[in-house]
Every structure is written in C-alpha cells, then in structure tokens.
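Read off the chains here:
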Amino acid sequence: MAVMGATSSFDLFLAKKYNALLADGKKEEAISMRQQYIDDSNKKSMASNDAMNTGVLDWIIDSIKDLREHVIKGLKHSIKNQKDK
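Residues numbered from 1 in each chain as written. Predicted model: local features only at pLDDT ≥ 70, side-chain atom pairs only at ≥ 80, totals over all residues. Heavy atoms only, no water.

### Focus on the nonpolar core
Residues Phe10, Leu14, Tyr18, Leu21, Ala30 and Met33 constitute the largest nonpolar core, which totals six residues. Counting only elements with at least two residues in this core, the list comes to helix 1 (6-23) and helix 2 (27-44). By residue number, the principal contributor to this core is helix 1, which donates four residues. Apart from the residues lying within four places of it in its own chain, the contact partners of Tyr18 are Phe10, Ala30, Ile31, Met33 and Arg34. (Core = buried A, V, L, I, M, F, W, Y, C linked by side-chain atoms within 4.5 Å. Buried < 20%, exposed > 50% of the residue type's maximum accessible area, 1.4 Å probe, protein only. Helix = DSSP H or I, 4+ residues; strand = E, 2+ residues; numbered from the N terminus. Contact = heavy atoms within 4.5 Å.)

As structure tokens, this is what we get:
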C-alpha cells in the first residue's frame, strides 16, 4: 500500500467520527481529536522511529508482481480495522 500522510489518513479513517462531533456541536473536541491524531501519526512516522514497530507500516511489498495480492490483503486489513473500532 502507498505511504499516506497524517491528514489524508485522518480523513480516510476518522472523517465520519469527526463530522459527527461537528454535527453535535462539539467543535473543540473534533479539532482536538484531529490534531492529536495528526501529531501522533507524524511522531510515529519520524525517521527516528521504526515504522514497522510503531504500526505506521503494515508490510513491505518486495515485488511488483505481488501487488494485486497485497492490495487485496490491504483492503481486508482496512475492513477488519474499521470493524474493530
């Protein structure tokens, strides 16, 4: 899977929760949640940290010929992670 920045990652995984907070009039809580997520994500992905150990990187695709298999694996992984939340 491609590397994704913290803002894009937040939009993909937490936009629904963020928008729900805004709809409920909890603007400060929504802003705080977003900023905390972005700060944590940026901290985890710093070069001084090992991305695999911090959970930012799930796996490495060694060969382009395996890309289809990894895309399917990534989609299944994302679905499972969303169900676990």
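### Considerations on the packing of helix 1 against helix 2
Direction vectors running N to C along helix 1 and helix 2 enclose 160°, while the axes themselves pass 10 Å from each other. Relative to helix 2, the element helix 1 is oriented roughly antiparallel. In this structure, helix 1 crosses over helix 2, and the sense of that crossing is right-handed. Contacts between helix 1 and helix 2 involve Ala6, Thr7, Ser9, Phe10, Phe13, Leu14, Lys17, Tyr18, Leu21 and Leu22 on the former and, on the latter, Lys27, Glu29, Ala30, Ile31, Met33, Arg34, Tyr37, Ile38, Ser41 and Asn42. (Axes fitted to C-alpha atoms, helices over the stretch in contact; angles between N-to-C directions. Parallel < 35°, antiparallel > 145°, perpendicular 65-115°, else oblique. Left-handed = near helix turned anticlockwise from the far one by under 90°.)

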